[in-house]
Amino acid sequence: MKSREYITSDVESSDDEGGIKNLDYKPPSDFSLYKAKKHTTSTFDADETVNHELWLIRVPDNVTNEDLASMKIEFPSKHVKSSETTVLGSLKKKETSAHSSSSTSTKYQLQTVSAESGFAGEMMALQPLVPDSSKGGRLVQAPLGIQQHLILVASPSIPSGEPLAEEILNRPIPKRAQPEGLKQRFQFAGSESQVPGEKISTKSGKKFAAEWAKTLEARKIRVEEALRAQEAEEEEEEEEEEEEQEAQAEEVVIEVVETVEEAKEEEESSTKKRKGEDMEVDAKDEKKAKKEKKEKKEKKSKKEKN
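Just so it is clear, the structure is predicted and the values come from calculations on it, not from any experiment.

(A) Geometry of the overall build of the protein. Secondary structure assignment for the protein yields three helices and six strands. In the protein, the succession of helices and strands from N to C terminus is β-α-β-β-β-β-β-α-α. When the 306 residues of the protein are sorted by exposure, 12% land in the buried category. Summarising the internal contacts of the protein: among those between residues at least 6 apart in sequence, 53% fall at separations of at least 24.

This is the structure in structure tokens:
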């Protein structure tokens, strides 16, 4: 194969009727089919692979065939699940750093790869091609495929932290020197704790206990003052509520008294009005009676004269 541009697509464009013209692979025009004149069988022959296992191993670029020749590989156990990642071998190789001339030893591990391993899963989809002597050495797919997928990975070298931890543990802790002219007032938690290698001072312990007692007493006083202030506020709120209730009650009483007085005034005015009407009626009746009496006297006097 000379160039990628000479390769034609397996699927050609469809015709006007919507059907696909041809799906067959067409090699470039300058390619010709190779036919082996003579082929000798080997362990990788299609017929021989039935009696063997094919393993696919991925190795880094800097690992040579000579390095792999010194590595011992164990056969995977049949009791181990295929989904588990197991280590079948290890390899140590001295490598020179690109940033310095010093050489370091790198350890590699040969691990199994599975669909559940989470890395190098694309190896599971690869299909090996082996020569077939019965077909003139033409490459065909291996009848049994690949039985083991392995990958050689570098294991990270993590230095032990025990020496550094031991050095930090034994390191003396100096006490901070107080600057001249300044007085330390803030005592943070643990400031009076014992320094490794320093003797415990009974004087400082008594001083701390006395200061702590003062702190507790001051805290107790602040709590009591806060409670008294809260009680005073509650009492003031109750007094204000009582005053509001009394004021509302007085307003109701005044409204009732005013209503009663208005009712009395209306009743008195209506009574006076009725009395005035009765007096007017009596005066009219009296005038009428006098008039009638006068008329009777006049009639009587006329009759006596006649």
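Okay, back to it.
(B) Expanded view of a nonpolar patch on the surface. Taken together, the side chains of Phe 208, Trp 212 and Leu 216 make up a nonpolar region of the molecular surface, amounting to roughly 310 Å² of accessible area. Mapped onto the elements of the fold, Leu 216 is located in helix 3 (residues 202-305).

(C) Highlighting the pattern of salt bridges. With the rule as written, the count across this model stands at three salt bridges. Ionic pairing is found between Arg 58 and Glu 122, a salt bridge with its closest N-O pair at 2.9 Å. Taken together, the residues span a long stretch of sequence, with Arg 58 in strand 1 (residues 55-58) and Glu 122 in the loop between strand 3 (103-112) and strand 4 (129-132) at a distance of 64 residues. The class for Arg 58 is partly exposed, based on a relative accessible area of 34%. You can call Glu 122 partly exposed: its relative accessible area is 46%. Between Arg 171 and Glu 167 there is a salt bridge; the shortest N-O distance is 2.7 Å. Taking relative accessible area as the criterion, Arg 171 reaches 45% and is therefore assigned partly exposed. Its relative accessible area of 38% is what places Glu 167 among the partly exposed residues.

(D) Spatial organisation of the nonpolar core. One finds Val 63, Met 71, Leu 88, Leu 91, Tyr 108, Leu 110, Leu 150 and Leu 152 forming the largest nonpolar core, which totals eight residues. For this core, the secondary structure elements donating two or more residues are strand 2 (87-96), strand 3 and strand 6 (148-154). Among residues more than four places away in sequence, those in contact with Leu 88 are Lys 72, Ile 73, Glu 74, Phe 75, Pro 76, Leu 110, Thr 112 and Leu 150.

(E) Region of interest: the sheet that holds strand 3. Pairing is mixed in the open sheet, where four strands are placed in the order 1-6-3-2. The open sheet is flanked by strand 1 and strand 2, the only strands paired with a single partner. The sheet shows a mean angle of 20° between the axes of neighbouring strands, taken without regard to direction. Inspection of the sheet shows strand 1 paired to strand 6 by four bridges, in the parallel sense. Each bridged residue has a counterpart across the sheet, and for Trp 55 the counterpart in strand 6 is Gln 148.

(F) The environment of His 52, seen in detail. Considering the arrangement of structural elements, one finds His 52 in the segment before strand 1. A C-alpha to C-alpha distance of 9.7 Å links His 52 and Gln 147, two positions 95 residues apart in sequence.

(G) Representation of a positive patch on the surface. On the surface, Lys 296, Lys 299, Lys 302 and Lys 303 cluster together into a positively charged patch. For Lys 299, the position within the fold is in helix 3. In this structure Lys 299 comes out as exposed when scored by relative accessible area, which is 57%.

(H) Geometry of the pairing of strand 6. For strand 6, the tally of buried residues reaches five of seven residues, placing the bulk of the element in the interior. In this structure, strand 3 lies alongside strand 6, joined through five bridges in antiparallel fashion. Directly across from Tyr 108, in strand 6, lies its bridge partner Ala 154.

Parameters at a glance
- Residues numbered from 1 in each chain as written.
- Predicted model: local features only at pLDDT ≥ 70, side-chain atom pairs only at ≥ 80, totals over all residues.
- Heavy atoms only, no water.
- Helix = DSSP H or I, 4+ residues; strand = E, 2+ residues; numbered from the N terminus.
- Buried < 20%, exposed > 50% of the residue type's maximum accessible area, 1.4 Å probe, protein only.
- Contact = heavy atoms within 4.5 Å.
- Patch = residues over 30% accessible without salt bridge, like charges linked within 9 Å, V, L, I, M, F, W, Y side chains within 5 Å.
- Areas by Shrake-Rupley, 256 points an atom, 1.4 Å probe, with all protein chains shown as cover.
- Salt bridge = Lys/Arg side-chain N within 4 Å of Asp/Glu carboxyl O.
- Core = buried A, V, L, I, M, F, W, Y, C linked by side-chain atoms within 4.5 Å.
- Pairing = 2+ DSSP bridges.
- Axes fitted to C-alpha atoms, helices over the stretch in contact; angles between N-to-C directions.
- Lys, Arg positive; Asp, Glu negative; His and termini not counted.
- Charge placed at Lys NZ, Arg CZ, Asp CG, Glu CD.

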